[in-house]
Amino acid sequence: MIHERAARRLLLCCKENGGLFIKFGQSIAVQSSLLPPPFRKELSVLYDNAPSVPVSEIVPVIERGFPGRSLDDIFVEFSPEAVASASVAQVHTARLRSDPSQVVAVKVQKPEIKLQIGWDLFAFRACAHLIEFAFEVPIMWSVDEIERRLREELDFEREAGNSELASRDLDTLADRWLRRAVYVPRVYWEATSREVLTTEWVDGTSLVHPQKLAAEGWSNREIMQQMVALFAFQIFVAGNVHGDPHPGNLLIRQNPSNNYWREPQLVLLDHGLYVRESRQFRRQYAEFWRSAMLGNKKSMTRIAESWGISDAGMFSTMVSLKPPIMGAHHKSKDHAGDRRESRRAYEQQMEVKRRTIAALRESSNLPPELVFVTRNMNIVRANNQSLGTPVNRVQILGQYAALGLRRMLIDEALSSDRRYSGARGVLPSRDTLASRVVGVIAGEWSYVTFRLALWAAGAGMAVYGAWARIWSAVTGAPRIRDLDGIMDEAMRNAMEKKLGYRIDTSLFTA
């Protein structure tokens, strides 16, 4: 009861304040590892059912974006009630006057949001300053980038461009399976402005409602394979990354190109928050993943230090590549042992804090893309967990990291830059050809070794899973099925050391 009451109070706070408080509530809702289930249950309404404003306040916003035209000049039908509402906008269904047969989704910016966001961002910056001062954790390096991205989210013409870019990336860079598995709704530019975005309406079931997805017969495994593959593709291959992939922005529908059997298709919505990765960052991030999989600490350290991160191992933990190493934890049977154990737990906690602070100390070199790429990966991880962790997320991310790195290395090998040398100028054709051949071989070798490392890691997890099943059957102990589960267990152990008691999420529903 106490958790339900606290969750409802937090939900009320977010609804009453609106704006970035809605985003804050959404961020709380996607946490599934350490928070009581009532928080996730109560706050999930903020994904697409936040408070909306009356249509009478929405019409002036629409007409302001199209001078000289009234609502009736643009739409032959316009729903008086919002069908969805989130932090900065709400959605109405409509029919275009230029194409009355087509049902469209009209996303309209809430009238007060432009004024409110300035105060919200001021409060956000003040809180960040306070946290950095009180806990000595350097986080101010990320504030400017976060503010810039959040302000960009208010430009719906930019969002329309992001949407078309995401669709174009799938058409030109993705493999056939992913092109078929993911759909981005069409943009109607004639009814789009900086405060109004009109797109094709798509019927589907949101990931906010896993019970409904199950009732409709969809496979959680297929859904998560599509979702994780999509965002791994964006991070490691396309370089244009959706910054807010929470369940409310993902729909599942029957693939319209398949009339013979059930085949899910993922529909990606809300392209307001995007990050454009530089080619250098994308290559370094893929190389970091490869180095982590191969256990190449020298390469990991080199890449991390180029970003101003002095502790590559701690960075691996921060981007969910490995669980935190906190040391063994044994319960003592006497008071002296309890005191020694408490002291060790405190020292370990302080060591983690020290390493985290040290890892982020030289923040001037940190890539700005890192904030939202890490956010994307953490939300995807939470989405996977919310459906029971049906897929090995790290394996899929690794596969696309291998593919993206291979493409970049081969592109560089075949680039016209291979014809030039800083010392020798234009190279002879024979030397250019040799250089390109060597570059292509290096790209293929990188891909093969990366995939072998992923295969070995997958085989290791399969062996671990088989042993865990046997151990669970013999002892009755709960079974941790995958790397995400192992990481959650490590996080709970770390919290247990800090707080002095075991976090058992099953107790939250009692």
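Sequence positions are assigned chain by chain, starting from 1 and proceeding in written order. For a predicted model such as this one, the threshold for reporting local features is a pLDDT of at least 70, and the threshold for listing and counting side-chain atom pairs is 80 or more; totals across whole chains, interfaces and linings nevertheless cover every residue. Side-chain figures throughout are based on the complete set of non-hydrogen atoms in the structure, without hydrogens or water.

Looking now at unusual backbone geometry. The residue D270 is not glycine, and still its phi comes out positive at about 55°. Numbering of helices and strands runs from the N terminus, with a helix taken as a DSSP run of H or I at least four residues long and a strand as a DSSP run of E at least two residues long. Mapped onto the fold, D270 is located in the loop between strand 10 (264–268) and strand 11 (274–276).

Attention shifts here to the environment of A82. Checked against the element boundaries, A82 lands in the loop between strand 1 (75–78) and strand 2 (84–85). It only takes one pair of heavy atoms within 4.5 Å for two residues to be counted as in contact. Not counting residues up to four positions away in its chain, the partners in contact with A82 are S52, Q90, V91 and H92.

Here we come to the state of the cysteines. Any pair of cysteine sulfurs within 2.5 Å is marked as a disulfide. The full count for this structure, using the stated rule, is 0 disulfides. For the unlinked cysteine C13, the closest cysteine sulfur is that of C14, found at 5.4 Å. Each residue is assigned to one of three classes by its accessible area relative to the maximum for its type, calculated with a 1.4 Å probe on protein chains only: buried under 20%, partly exposed between the two thresholds, exposed over 50%. For C13, a relative accessible area of 33% translates into the label partly exposed. Classification of C14 as buried rests on a relative accessible area of 0%.

By this rule, a helix spans an expected 1.5 Å times one less than how many residues it contains. Relative to the 27 Å expected for 19 residues at 1.5 Å per residue, helix 11 (residues 220–238) spans 25 Å between its end C-alpha atoms, a close match to the ideal helical length. Of all 19 residues in helix 11, 15 are buried; the element is thus mostly enclosed.

Among the buried residues, those of types Ala, Val, Leu, Ile, Met, Phe, Trp, Tyr and Cys that are joined through side-chain atoms within 4.5 Å form a nonpolar core. The biggest cluster of nonpolar side chains holds 74 residues, and the ones touching the most others in it are M227, F236, Y285, W289 and Y400. Residues in contact with Y400, not counting those within four places in the same chain, are D175, W177, L178, A229, A232, F233, F236 and V237.

Taken together, the side chains of W467, I470, W471 and V474 define a hydrophobic patch exposed on the protein surface, amounting to about 490 Å² of accessible area. Assignment of secondary structure puts W471 in helix 18 (residues 429–475). Candidate patch residues must exceed 30% relative accessible area and have no salt bridge, after which like charges are joined if within 9 Å and Val, Leu, Ile, Met, Phe, Trp or Tyr side chains if within 5 Å. Per-residue and other accessible areas follow the Shrake-Rupley method at a 1.4 Å probe size, with only the shown protein chains counted as cover for residues. A side-chain nitrogen of Lys or Arg and a carboxyl oxygen of Asp or Glu constitute a salt bridge if their distance falls within 4 Å.

With that settled, consider the side chain of S44. Relative to the assigned elements, S44 resides in the loop between helix 3 (37–43) and helix 4 (55–65). Not counting residues within four places of it along the chain, the set of residues in contact with S44 comprises A29 and V208.

Two aromatic rings, drawn from Phe, Tyr or Trp (for Trp, its six-membered ring), form a pair once their centres lie within 6.5 Å of each other, and the interplanar angle then sorts them: stacked below 30 degrees, edge-to-face above 60, tilted otherwise. What the rule picks out here adds up to 8 aromatic pairs. Centroid distance F75 to F78: 5.6 Å. Interplanar angle 45°. Geometry classified as tilted. Each member of the pair F75 and F78 is classed as buried. Relative to W307, the ring of Y285 has its centre 6.5 Å away and its plane inclined at 35°; by these criteria the two rings are tilted.

This part covers the sheet that holds strand 9 (residues 250–254). If you walk across this open sheet you meet the 4 strands as 5-10-9-7, and the pairing is mixed. In the strand order of this sheet, the two ends are held by strand 5 (182–183) and strand 7 (205–206), each with one partner. Two strands pair when backbone bridges link them, and strand 7 and strand 9 are joined in this way by 2 bridges, in the antiparallel orientation. By the bridge assignment, T205 is partnered in strand 9 with I252. Axis definition: a line fitted to C-alpha atoms, limited for helices to the stretch in contact. Angles are taken between N-to-C directions and run from 0 to 180 degrees. Across the sheet, helix 11 touches strand 5, strand 9 and strand 10, and the angle it forms with strand 10 is around 40°. Here, strands pair whenever DSSP counts at least two bridges between them.

Regions with low pLDDT should not have their predicted coordinates read in detail. Known as pLDDT, the predictor's confidence for each residue is given on a scale from 0 to 100. With 78% of its residues at a pLDDT of 70 or more, the chain has an overall mean of 81. For the chain, strand 13 (residues 425–426) is the element with the lowest average pLDDT, namely 48, and strand 5 is the one with the highest, namely 98. Taken as a whole, residues 421–426 scores under 50 in pLDDT and shows 6 contacts with residues more than four places along the chain or in a different chain. The model gives residues 494–510 a pLDDT under 50, and that stretch makes 31 contacts with residues more than four places away or in other chains.

Within the secondary structure, E412 is located in helix 17 (residues 393–414). Overall, E412 belongs to the partly exposed group, its relative accessible area being 26%. Distance in space between the C-alpha atoms of E412 and G439 is 7.5 Å, their sequence separation being 27 residues.

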